[in-house]
Every structure is written in structure tokens, then in C-alpha cells.
Amino acid sequence: QGSVVAQALTLASSIPVARILGGARYGELGIVQSTLATFALFAGPSLVVAATKHIAQLRTVDRERAGRIIGMTSLAGVVASALVSGVLWVAAPYVASNFLNAPNLTTVLRFACLALFTTSLVGVQNGILTGFEAFQGMARVNTIKGILTFPVLTLGAWLWRVEGVVVGILIVSVTTMYMNHQLVRAETATTEVFARYDNLRSEWRILVAFSLPTLLGSIMVLSATWVGSALLVNRADGYTEMGVFNAANQWRSAILFFPSILARPVLPMLSESLERNLTEYKTLLKLNVVLAAASSFSCAMIVIALSPWIMSAYGADFMSRWPVLVLLAVSSVIAATTAVIGTSIWSMGKMWHSFALNGVWALILVLTFVLTPARGALGLSIAYFVSYLCLGLLTALYVYVPLRRARATRS
């Protein structure tokens, strides 16, 4: 319930923010958020999966080692977030001028550096909490986050335009980070799995064997999305087109929200059942694939049916651009289903294989956008659809063929 409130209010805030900023300025916000996400991948996402998987596996059987995983991922998250934020701060003028064709965004990017630091740490905290399966506490935090997001971002846009929205994101992330910190302390006290910082060298192999391929895969995925966005804004009317894509992409994220909530327990559940019972493992995987497909499909159909009215709500610059939303809605169904199937690859520890699949997706995304006859936001949405369709087919083949062989061997 808390996560639903957070997502609903975040989505709702995008409409007044877009109407206040207008198409081009909303496009500027979109490319800043894309740049923020691209740099953020160096600062935490690879640690999130490692924390979730290993804390879920170890918290009841080896509390001391689970504590070292918490200590290692927390420390690595702080160091990585500080380094990446510092790099973006220094590189902001160069990135704004040479890649985004908008030197005026230098100040905004530097504000974003602070938000980058805090949001990256929030991600690591969420990975730890998911490993503990602290979903009720996370729901409470998300409720407060959602209630705070709508007024803060809307007020920020009204007072200081794009800069104000980025400052609002920073305020929300700092508040979330503090609440998550209190929740982690409560969970470690309850389970007696306390963060440890001794003998961390023995756990560094996790970062190499598990987090490194996750990091490289994330780099390819988010770099490809950023390259697509950068190519878009460098075209004629690029920032207006980016504004259209950003508005439609908010709803793609909303469609993916319910499957992501349902999928939160999937990695710890699959990790625990993998060694115990292959039949149970396959049943859990199939159930969650069906849930992801059904929930995303039902949400996507509603969004598609209402797409002309949804895009009109953002203002005159968005009114006739509903086909962009339709394509992104369809691609979100494929993405949601593929993500759950891909989680099984993580549970088996085959991170380099996941890296290779992500590489194929990134290559297809960029090539499709460059080669498609369609231009602007529509061309980028076509690229998303094609790349997710190819990734879904490849991932399904990769996962289900070995599982079928394993069943035949055991029978």
C-alpha cells in the first residue's frame, strides 16, 4: 500500500510539473534525470543485487558473514557515491556543452550531483532491507516519500523551474535515506545481524564475481538509454521531443511499478529454494512470471485506452503524441515479464551471462533508434519496443531450455 501511494503521487506530480515547465524545459528535466541515472549506475546498483541475494541466503545460517556483507556494501556504496558525484560535478560543464548541447544545464547538473549521492545510498539501503524481507517497513517509508514528493516537486517547479525540481528530488532522497537508516538499524537489532567492518577482504570476491558483471551490465543498459536520449535532444526540436518522451516514460515506469513490487521477494525466494528443491524453484519462477505478465498487461491496457487524454493532461506540446505512450506501454509488458525471468539468472549466480544479454539489448536499442525512419520521441519509443522484444525472447530461451533439460535429467 505504501509503495502504491508513493508511485501514484510521484506520477501525479509529473503532470503539474510538466504544465509549469512546458515541453522544452520538461525535456531538459528529462535529460538531467537520464544523466543522473547513468552516473548513478556506477555508485550502487551492482551492490544492491549482491546485498539482497547474500543477506537473504546468510541472515539465518551465518549472521557474522551476513553482517560483513552489510558492512562491505554500505562502505562501498558511500565511497562509490562520493567518487561518482565528484566526477559529475567536475564534468558538468563539459557534459552540458558537448553532449547535451545545453550549457545552461551546468548548474542543474551540479545540483543533481548531490541528489546522485543520496539516491545511490538509498538504493543500497533498499537492497539490504530487501535481503531482510522488511517489506512492511519499506512500505511505510515509501508512503511518507510519496506524500512528500508531490508538493515538494510541484513547489520546486513553480519557484525555480528545473533547478527547483532537482532540489526537490534531493530533499525527498535525503528524507528517505534517513528513514531507511532507522529501518536498517531496527532490522539488524531484531535479527541480531549487525554490520561488521572487520575482515572485509574475505568478502571482496563477491564484488568481483557478482557485482562487477552487474555493474558492467548496468553500464551498458543505462548508457544505451542515455545515448538514445542524447541523440534525441541533439536533433531539431530535440528538447521538446525529449519532453514528450519523458512524459510518456513516466507512465511506462508506472506500469512497471506493480510488477516490480510483486517481484521484490523473487530473488531472495529463488535464492533460498535453488539448492533445496528444483521443482519448487520452477513453480516459484512460473508463478511470478505469470503475475508480472498479468499485472503489467492489465495496467498497460488501461494506459493505452486512456493515452490521448493522459498526454493531453501534460499540455499543448504533448496533446497529439499519444502513440509514443502506446509503444512504451506495450514495451513495458515485455520488460516486466523479462525482468522476472532474468531474476532467475541472478539467483543462479550467472551474472556474466546476464551481462551478455544486457549488452545485446543495449546494442539493439541504439541501432534501432539510429536506423528507424521515425524521428524524435516516436523513434526512440520504437527502439525501446524492438530491444525489449529481442531481450525477452533471448532471456526466455536462455532460462527455460536448461530448466527443461534439468527436469528431464532428474526424471
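Each value, and the rule that gives it
- Residues numbered from 1 in each chain as written.
- Predicted model: local features only at pLDDT ≥ 70, side-chain atom pairs only at ≥ 80, totals over all residues.
- Heavy atoms only, no water.
- Helix = DSSP H or I, 4+ residues; strand = E, 2+ residues; numbered from the N terminus.
- Areas by Shrake-Rupley, 256 points an atom, 1.4 Å probe, with all protein chains shown as cover.
- Patch = residues over 30% accessible without salt bridge, like charges linked within 9 Å, V, L, I, M, F, W, Y side chains within 5 Å.
- Salt bridge = Lys/Arg side-chain N within 4 Å of Asp/Glu carboxyl O.
- Axes fitted to C-alpha atoms, helices over the stretch in contact; angles between N-to-C directions.
- Parallel < 35°, antiparallel > 145°, perpendicular 65-115°, else oblique.
- Left-handed = near helix turned anticlockwise from the far one by under 90°.
- Nonpolar A, V, L, I, M, F, W, Y, C, P; charged D, E, K, R; others polar.
- Buried < 20%, exposed > 50% of the residue type's maximum accessible area, 1.4 Å probe, protein only.
- Core = buried A, V, L, I, M, F, W, Y, C linked by side-chain atoms within 4.5 Å.
- Contact = heavy atoms within 4.5 Å.
- Phe/Tyr/Trp six-rings, centres within 6.5 Å; stacked < 30°, edge-to-face > 60°.
- Expected span 1.5 Å × (residues − 1).
- Bend = angle between axes of the 7 residues up to and from the residue.

Colleague: Which residues make up the overall build of the chain, and what values do they have?
Modeller: Within the chain, the secondary structure is distributed over twelve helices and zero strands. Roughly 17600 Å² of accessible area belongs to the chain as shown, and the carbon and sulfur atoms make up 68% of that amount.

Colleague: Residues and numbers for a nonpolar patch on the surface, please.
Modeller: Nonpolar side chains collect at one region of the surface, where Val227, Leu231, Leu363, Leu367, Val370 and Leu371 lie side by side and expose about 530 Å² of accessible area between them. Listed by contribution, the elements that provide at least two residues to the nonpolar patch are helix H6 (204-233) and helix H11 (351-371). The residue Val227 is located in helix H6 in this model.

Colleague: Tell me what's going on with the pattern of salt bridges, and back it up with residues and numbers.
Modeller: Scanning the entire structure with this criterion turns up six salt bridges. The shortest N-O distance in the salt bridge between Glu64 and Arg68 comes to 3.2 Å. Taken together, the positions of Glu64 and Arg68, both in helix H3 (residues 63-99) and four residues apart, correspond to about one turn of that helix. Across the pair Arg196 and Asp198 runs a salt bridge whose closest N-O atoms are separated by 3.0 Å.

Colleague: Tell me about the packing of helix H4 (residues 106-131) against helix H5 (residues 135-191), and please be specific about residues and values.
Modeller: One can describe the packing of H4 onto H5 by two numbers: an axis separation of 10 Å at closest approach and a directional angle of 20°. In this view, H4 runs roughly parallel relative to H5, as classed from their interaxial angle. Between H4 and H5 the crossing geometry is left-handed. When its residues are assigned to classes, the contact of H4 with H5 shows 20 nonpolar, nine polar and two charged.

Colleague: Provide a residue-level description of the environment of Ala294, including the pertinent values.
Modeller: Considering the arrangement of structural elements, one finds Ala294 in helix H9 (residues 278-312). Residue classification places Ala294 among the partly exposed positions, given a relative accessible area of 46%. Separated by 42 residues in the primary sequence, Ala294 and Ala336 place their C-alpha atoms 9.8 Å from one another.

Colleague: Now, about the nonpolar core: what can you tell me, with residues and values included?
Modeller: Within the largest apolar cluster, 83 residues are counted, with the highest numbers of intra-cluster contacts made by Tyr26, Leu105, Phe245 and Tyr314. Top contributing element to this core by residue count: helix H1 (residues 2-40), with eleven residues. Excluding anything up to four places from it in sequence, Leu105 contacts Glu28, Ile31, Val32, Ala96, Leu100 and Tyr239.

Colleague: Got a sec to walk through the packing of aromatic side chains? Specific residues and values, please.
Modeller: All told, the structure shown has nine aromatic pairs when counted by the stated rule. Taking the centre distance of 5.3 Å and the plane angle of 50° together, the rings of Trp361 and Tyr388 count as tilted. One end of the pair, Trp361, is in helix H11; the other, Tyr388, is in helix H12 (residues 376-410), with 27 residues separating them in the sequence. For the residue pair Trp361 and Tyr388, the accessibility class agrees, reading buried in each case. Taking the centre distance of 6.3 Å and the plane angle of 45° together, the rings of Tyr384 and Tyr388 count as tilted. Here Tyr384 pairs with Tyr388, and both are found in helix H12, just four residues apart, close to one helical turn. Look at Tyr384 and you get buried, because its relative accessible area is 4%.

Colleague: For the environment of Ile144, give the residues involved together with the corresponding values.
Modeller: Positionally, Ile144 belongs in helix H5. Distance from Ile144 to Thr175, taken between C-alpha atoms, is 9.1 Å for residues 31 residues apart in sequence.

Colleague: Explain H3 to me, and be specific about the residues and the numbers.
Modeller: Taking 1.5 Å per residue, 37 residues should reach 54 Å; H3 reaches only 47 Å between its end C-alpha atoms and comes up short. The largest bend in H3 amounts to roughly 60° and is located at Ala91, with the proline Pro93 lying one to four residues further along. A positive phi of about 55° marks Asn101, the residue just after H3.

Colleague: Mind laying out the environment of Leu367, listing which residues take part and the relevant values?
Modeller: Tracing the backbone through its elements, the reader meets Leu367 in helix H11. Judged by its relative accessible area of 44%, Leu367 is partly exposed. For Leu367 and Gly228, which are 139 residues apart along the polypeptide, the C-alpha to C-alpha distance reads 9.5 Å.

Colleague: Give me H11: which residues, what numbers.
Modeller: Counted at 1.5 Å a residue, the expected span for H11 with its 21 residues is 30 Å, and the 30 Å between its end C-alpha atoms agrees. Here H11 has its buried residues at Met351, Ser354, Leu357, Gly359, Trp361, Ala362, Ile364, Leu365, Thr368 and Phe369.

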